[in-house]
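Now for the letters of each chain:
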Amino acid sequence: MRTNAHFTFGVLAELAEEMQVNLVLTVTILYITRLCPALCGVHPVTCILQGDPQPPGLFKDGDFVIGGAFSIHYYLKAENHTYTRRPQPLECSGSMDTRELRFGRALQFAIEEINNSSDLLPGITLGYHIYDSCASVPMAIKIAFQLVNGFDLIYNDFDSCAKSAAVTALVGETGSTPSISMSRVFSRFGYPQVSHFATCACLSDKRQYPTFFRTIPSDHHQAAALARMVKLFGWTWIGAVRSDSDYGNNGMASFLKAAEKEGICVEYSEAYYRTQPHSKLKRVADVIRRSTARVIVAFMASGDIYFLLEELSKQSLPPLQWIGSETWIVDPGMLRFNLCIGAVGFGVPRSVIPGFRNFLLNLSSDEVLKSPLLTEFWESSFSCSLRQQTDSSSGLPACDGTQDLHTLQNPYTDTSQLRITNMVYKATYAIAHAIHAIVCNNKQCDKNIKIERLQITDQLKRVNFTKNNYPVSFDINGDPVATYELVNWQLQDDASIDFVTVGHYDASQPKGQEFSLSRAIIWNDGSVKVPVSVCSESCPPGTRKATQKGRPVCCYDCITCAEGEISNETDSLDCHTCQPEYWPNKEKNKCLPKPVEFLSWDEILGIILAAFSVTGSLLALSMALVFYKNRASAIVKANNSELSFLLLFSLTLCFLCSLTFIGRPTEWSCMLRHTAFGITFVLCISCILGKTIGVLMAFKATLPGSNVMKWFGPAQQRLSVFGFTLVQVLICVIWLTTSPPFPYNNMQYFKEKVILECSLGSAVGFWAVLGYIGLLAFLCFVLAFLARKLPDNFNEAKFITFSMLIFCAVWITFVPAYVSSPGKFTVAVEIFAILASSFGLIICIFAPKCFIIVFRPEQNNKKHLMGKVSSKAP
């Protein structure tokens, strides 16, 4: 017995701490005196109830009784406690919520339907005790203790301490906070509670609420669905308001957690409860008016958001897109607020309950008088008094019997949106099926079977049936499968607002397929265009997001991607570097292949260089033709005609080899251009060197007693040319066999384009070729310089000197120009050096001779050539 005492006082302590008011503890202690025999360990003759019991609003006796608790009123009458007298009985105040009354009558209807059924609980009569909890914790706890204590309130039987609990299970409560308080009481005593509207995810915790069940999905699913919907429509900047209760606080916490995962930012999150001061309500309304978010998610109970919408309606408000939780988004009482036109939210599926409308409307005045709730409803609806004959204090005229519920248009009579009502209906049938599984076998039911406290709870866990095409079952947490309809407040042709189902959400579907739209949503501006609510406009492709310092991640600046980077998605967090052979387009949203650049035939520079190359080769051929036609003349003979023709041939090749540098580099052209250039120029310089040595030897041979010409005659000259050229050929062969030139995509010079060029392969080979040419040119220049003072009319050495001077100057300046020139201009510099040195050679060496042959034929004779020599002879 002492254990029971400690157990009971533990319940009271938890409840008192939860409510943080002395009044509740006082009330509950009054009721605990009903358990005095167990607490005191004695058996007095009678147990005296301290306090006044709460009468049910709707009552019917039966073999098994189901309790009901609904928030038919939203307030308790306030009382100033002096602690010098006994508190007054708890009493509801304020206007009646006729929608909640319809919920209570749905429980009544379901029990009447079950009692008339031959399949479910045949021969068993179910009763009901339906209470108004006033949406308050104190009243909810009072009702809970009263139901588990088992007082016979109708017959004023308060003296029996041996009676069992008045109910086998409870349907209710509507709100999450009262449901939590009631569940703490019911779970301690092992009695099940099935709620039709308490959605707080906290109630899924079976360690705290082991006997709690519900027919409406948990807010855990609704919060995830709302966050996914917000993300689907591209809203990243939202406001949030919630009821300052277990329902609102837990639901909003779940939503904010899911929204954060979806990348949604919340500008503000405000809480309000209907009993809080008006100054708090005004502050919340001002926050909404000043905000820049154009989408607002409201996780609020109907009684709380009603006051908020009223406050917002007092002043002009920027267009807002409301996203509502299931509590108020399908509440017909909210349709009076036009500022919520276009609102979207999830509600439990719409349903049809056959015969329910007739049950609601077929009420006689005598039947109404038996229930204080129905009496209040009747008198407030028709503004007449059913009790005027006995009490004229109301000041209302007497009801004359002509009143007809069919003429009313209010939430009680509106059965077009039976959503939560169906949850009550399903909860009642779930309890009935659990009782049936205990007291009935295949043939009959035994009303005398005593149901143990946990039997109903165990059977509810196994419940699985379908009623009116609506499946009913519970998972391990006491929750049903989460299915919602996406409801849209749409303005109709008659200027009324109606709930229109535009989509569905089914948590049992595979991930990513839970949400579906079935028709267009009409938004707050009356269009089907989705409204925009962002802190910052989306960053287009080609830019990246940079978070603004000190602000949420949804507030950012759009930064253009850096050079060489792109972003091909809207709202990209980072820019991505293109592959080396690619470069961004102008918009920086796509990587395009870099343009390949080389000295081509169809560009102006290539055409000009090619023209000079062809011109030079034609000039060399023309001079060769002139020499050939005048091969018997003195000037041709005097200048070693064989070497002259070979020199002109090599110069022709020098001009033509520059053409190999123009066009798209290939493997063969890369090897050909450098080797052809190296060999032809060595051939050319070898010929000039042979001519220079020939000039020196010829002058030496004119001296008396000299026989040098036999040592450097024509055969030796040909051999020297062959030998010098062979060395270059060997250098080129070694170069080509070890590390030959090859086409190469050079991406170092320019980031935005590729330079297709010929890589040297071996730089040593390339500079060996140039070095050998330079060595022969320098040797030739030195010898020609030594021969510069020979007789003028005979001397060819001074022309060779000038040509070598030009040649060396060109190739000396070529080296730094070649190294520093970017891209295709490197090739152009090399071609220019070839052409310039070739033109220098041909003009300096052959132009004077051709001028004499063509324009001064009188000087083309041996006498003239030897004239100056003769005049200077001793």
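Structure first, text after, so check above.
Residues numbered from 1 in each chain as written. Predicted model: local features only at pLDDT ≥ 70, side-chain atom pairs only at ≥ 80, totals over all residues. Heavy atoms only, no water.

Before going further, it helps to spend a moment on the pattern of salt bridges. Scanning the entire structure with this criterion turns up 17 salt bridges. Linking Lys447 and Asp63 is a salt bridge whose minimum nitrogen-to-oxygen distance equals 3.8 Å. A residue pair is termed long-range when its members are at least 10 positions apart, and Lys447 in the loop between helix 15 (420-439) and helix 16 (453-462) and Asp63 in the loop between strand 1 (58-60) and strand 2 (64-70) qualify at 384 residues. Residue Asp63 is classed as partly exposed on the basis of its relative accessible area of 30%. (Salt bridge = Lys/Arg side-chain N within 4 Å of Asp/Glu carboxyl O. Helix = DSSP H or I, 4+ residues; strand = E, 2+ residues; numbered from the N terminus. Buried < 20%, exposed > 50% of the residue type's maximum accessible area, 1.4 Å probe, protein only.)

With mixed pairing, three strands are arranged side by side in an open sheet as 25-27-26. Only two strands of the sheet have a single partner each, and these edge strands are strand 25 (596-597) and strand 26 (742-746). Two elements, strand 26 and strand 27 (residues 754-759), share five bridges in a ladder whose sense is antiparallel. By the bridge assignment for strand 27, Asn746 is matched with Ile755. (Pairing = 2+ DSSP bridges.)

Any pair of aromatic rings gets described here by the distance separating the centres and the angle formed by the planes. Overall, the coordinates contain 29 aromatic pairs when judged by the stated rule. Considering the side-chain rings of Phe233 and Trp523, the 5.0 Å spacing of their centres and the 80° angle between planes classify their relative orientation as edge-to-face. Of this pair, Phe233 sits in the loop between helix 7 (219-232) and strand 9 (237-243) while Trp523 sits in the loop between strand 18 (515-517) and strand 19 (543-547), placing them 290 residues apart in sequence. Assigned by exposure class, Phe233 and Trp523 land together as buried. (Phe/Tyr/Trp six-rings, centres within 6.5 Å; stacked < 30°, edge-to-face > 60°.)

Tallied over the full model, the rule gives ten disulfides. Sulfur-sulfur distance for the disulfide between Cys200 and Cys202 comes to 2.4 Å. The sign of the S-S torsion, about 130°, decides the handedness of the disulfide formed by Cys200 and Cys202: right-handed. We classify Cys200 as buried; its relative accessible area is 0%. There is a disulfide in this structure between Cys265 and Cys554, and the S-S distance comes to 2.0 Å. Across the disulfide from Cys265 to Cys554, rotation about the S-S bond amounts to roughly 85°, and the bridge is consequently right-handed. Of this pair, Cys265 sits in strand 10 (residues 265-272) while Cys554 sits in the loop between strand 19 and strand 20 (556-560), and the two are 289 residues apart along the sequence. (Disulfide = S-S within 2.5 Å.)

Bringing helix 10 (residues 302-312) into the picture now. Counting buried positions over the eleven residues of helix 10 gives eight, a clear majority of the element. Within the sequence span of helix 10, burial applies to Ser302, Gly303, Asp304, Ile305, Leu308, Leu309, Glu311 and Leu312.

Summarising burial for strand 27: five of the six residues are buried, a large majority. Here two bridges tie strand 25 to strand 27, and the two strands are oriented parallel to one another. The residue of strand 27 that forms the bridge with Val596 is Val754.

With that out of the way, let us pick up the pairing of strand 13 (residues 344-347). Side-chain direction in a regular strand flips from residue to residue, so the side chains alternate between the two faces of the sheet. What you see with strand 13 is no split at all: Val344 and Phe346 on one side and Gly345 and Gly347 on the other are buried throughout. Note: strand 12 (residues 321-324) against strand 13, two bridges, orientation parallel. Bridging across to strand 13, Gly324 finds its partner in Gly345. In the sheet, strand 13 pairs with strand 16 (residues 483-491) via four bridges, with the strands oriented antiparallel. The partner of Gly347 across the bridge, within strand 16, is Glu485.

With that out of the way, let us pick up the nonpolar core. With 68 residues, the main nonpolar core has Leu121, Leu126, Trp378, Leu405, Ile435 and Leu460 as its most contacted residues. A per-element tally of this core places helix 15 first, with 13 residues. Beyond its immediate chain neighbours, meaning those up to four positions away, Leu126 contacts Lys60, Asp61, Gly62, Phe64, Ile66, Ile111, Ile114, Asn115, Leu121, Ala432 and Ile435. Within the second largest apolar cluster, 65 residues are counted, among which are Phe627, Cys657, Ile800 and Ile834. (Core = buried A, V, L, I, M, F, W, Y, C linked by side-chain atoms within 4.5 Å. Contact = heavy atoms within 4.5 Å.)

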